Amino acid sequence: MVVWSAGLAHRQFTKCLDVPKNKQGQILTDNYLRVKGVAEGNVYALGDCADIDGFHLPSTAQVAERQGRYLAKCLQQQPEKVKKFHFRSMGMLTYIGGYKAITETPEARFKGFISWILWRSVYLTRLGNWRLRLQVPMDWTKAMLYGRDTSRFD
């Protein structure tokens, strides 16, 4: 099994693959995240480097995480029991600086300090382990008290 993780830009690895791609260079997949043009149906693409043909999704972490969870479940099930990938946005949180953020959910939209608190809370819950969940708030507190460390060592 090969698991590939990349950032926002399409990598050379994706560009050189001989599979169908859209105009942006993303690998085209079907509704089960299987790469189109691969007869065996056992090659998958997800995240920023992939696009579901006819069902374009934003290149966000929310989409990539859901696709990853979906694919993990699919690989554990019998192929005939697998359902098509479905995505429903939980909303967006955007930090805009100065203790302010913007929140947009299917139910509500708001901005300002309360939105910033929500953004920070969600950020903490998405961190991978408890060490980071303790370290990050301490770093935030240190930055609020003493300012950000912008020193460089060359």
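Figured I'd write up the structure that's included with this text.

**Points about the overall build of the protein chain**
Right, on to step 1. A tally of regular secondary structure across the protein chain gives 4 helices and 5 strands.
Right, on to step 2. Taken from N to C terminus, the helices and strands of the protein chain fall in the order α-β-β-α-β-β-β-α-α.
Right, on to step 3. Here the C-alpha radius of gyration of the protein chain, 19 Å, is well above what a compact globule of 154 residues would show, namely 15 Å.
Right, on to step 4. With the C-alpha coordinates of the protein chain rotated into their principal frame, the extents come out at 60 × 45 × 30 Å.
Right, on to step 5. At a minimum sequence separation of 6, the contacts of the protein chain that also span at least 24 residues come to 29%.
Right, on to step 6. Accessible surface, the protein chain: about 11800 Å² in total, of which carbon and sulfur atoms supply 57%.
Right, on to step 7. Side chains of the protein chain give 23 positive and 13 negative charges; the mean places of these two sets differ by 6 Å.

**Thoughts on the nonpolar core**
Right, on to step 1. With 9 residues, the main nonpolar core is built from Leu33, Ile52, Leu57, Val63, Tyr70, Cys74, Val82, Phe85 and Phe87.
Right, on to step 2. Per-element tally for this core: the top contributor is helix H2 (residues 61-76), with 3 residues.

**As for helix H4 (residues 130-146)**
Right, on to step 1. Given a rise of 1.5 Å per residue, 17 residues ought to cover 24 Å, and the 24 Å separating the end C-alpha atoms of H4 matches this to within 8%.
Right, on to step 2. The opening residue of H4, the one whose side-chain oxygen lies 3.2 Å from the backbone nitrogen of arginine 131, is asparagine 129.
Right, on to step 3. A positive phi of about 90° marks glycine 147, the residue just after H4.

**Description of the environment of leucine 145**
Right, on to step 1. With respect to the secondary-structure elements, leucine 145 resides in helix H4.
Right, on to step 2. As for leucine 145 and glycine 128, which are separated by 17 residues in sequence, their C-alpha atoms are 26 Å apart.

**A closer look at the sheet that holds strand S4 (residues 100-104)**
Right, on to step 1. Taking strand neighbours across the sheet as the criterion, the 3 strands line up as S3-S4-S5 in an open arrangement whose pairing is antiparallel. The sheet is open, and its two edges are formed by strand S3 (92-97) and strand S5 (109-112), each paired on a single side. On average, each strand axis in the sheet is tilted by 10° relative to the strand beside it, whichever way the strands run.
Right, on to step 2. The sheet contact formed by S4 and S5 spans 4 bridges and is antiparallel.

What counts, and at which threshold
In every chain, residue numbers begin from 1 and rise along the written sequence. With pLDDT at 70 or above as the cut-off, local features in this predicted model cover only qualifying residues; side-chain atom pairs require 80 or more to be listed or tallied, and sums for whole chains, interfaces and linings still use all residues. Each side-chain value is worked out from all heavy atoms of the structure, with water and hydrogens disregarded. Under the scheme used here, helices are H or I runs from DSSP no shorter than 4 residues and strands are E runs no shorter than 2 residues, and both carry numbers assigned from the N terminus. Put simply, the radius of gyration uses C-alpha atoms, and a globule should come to 2.2 Å times the residue count raised to 0.38. Any two residues whose heavy atoms approach within 4.5 Å are treated as being in contact. Residue burial considers only the protein chains on display, and all accessible areas are found by Shrake-Rupley using a 1.4 Å probe. This count recognises Lys and Arg as positive and Asp and Glu as negative, with His and chain-terminal groups excluded. By convention, the charge on Lys lies at NZ, on Arg at CZ, on Asp at CG and on Glu at CD. By nonpolar core is meant a set of buried Ala, Val, Leu, Ile, Met, Phe, Trp, Tyr and Cys residues that side-chain atoms within 4.5 Å join together. Each residue gets one of three labels from its accessible area relative to the maximum for its type: buried under 20%, exposed over 50%, partly exposed in between, using a 1.4 Å probe on protein chains only. Take the residue count of a helix, subtract one, and multiply by 1.5 Å to get its expected span. Distance and chemistry together define a polar contact, namely a pair of N or O atoms within 3.5 Å, with one atom able to donate a hydrogen and the other to accept it when in protein, and with adjacent residues in sequence counting only for side-chain atoms on both sides. A pair of strands counts as paired when DSSP detects no fewer than two bridges linking them. Every axis in this analysis is a line fitted to C-alpha atoms, fitted for helices over the stretch in contact. Angles between the N-to-C directions lie between 0 and 180 degrees.

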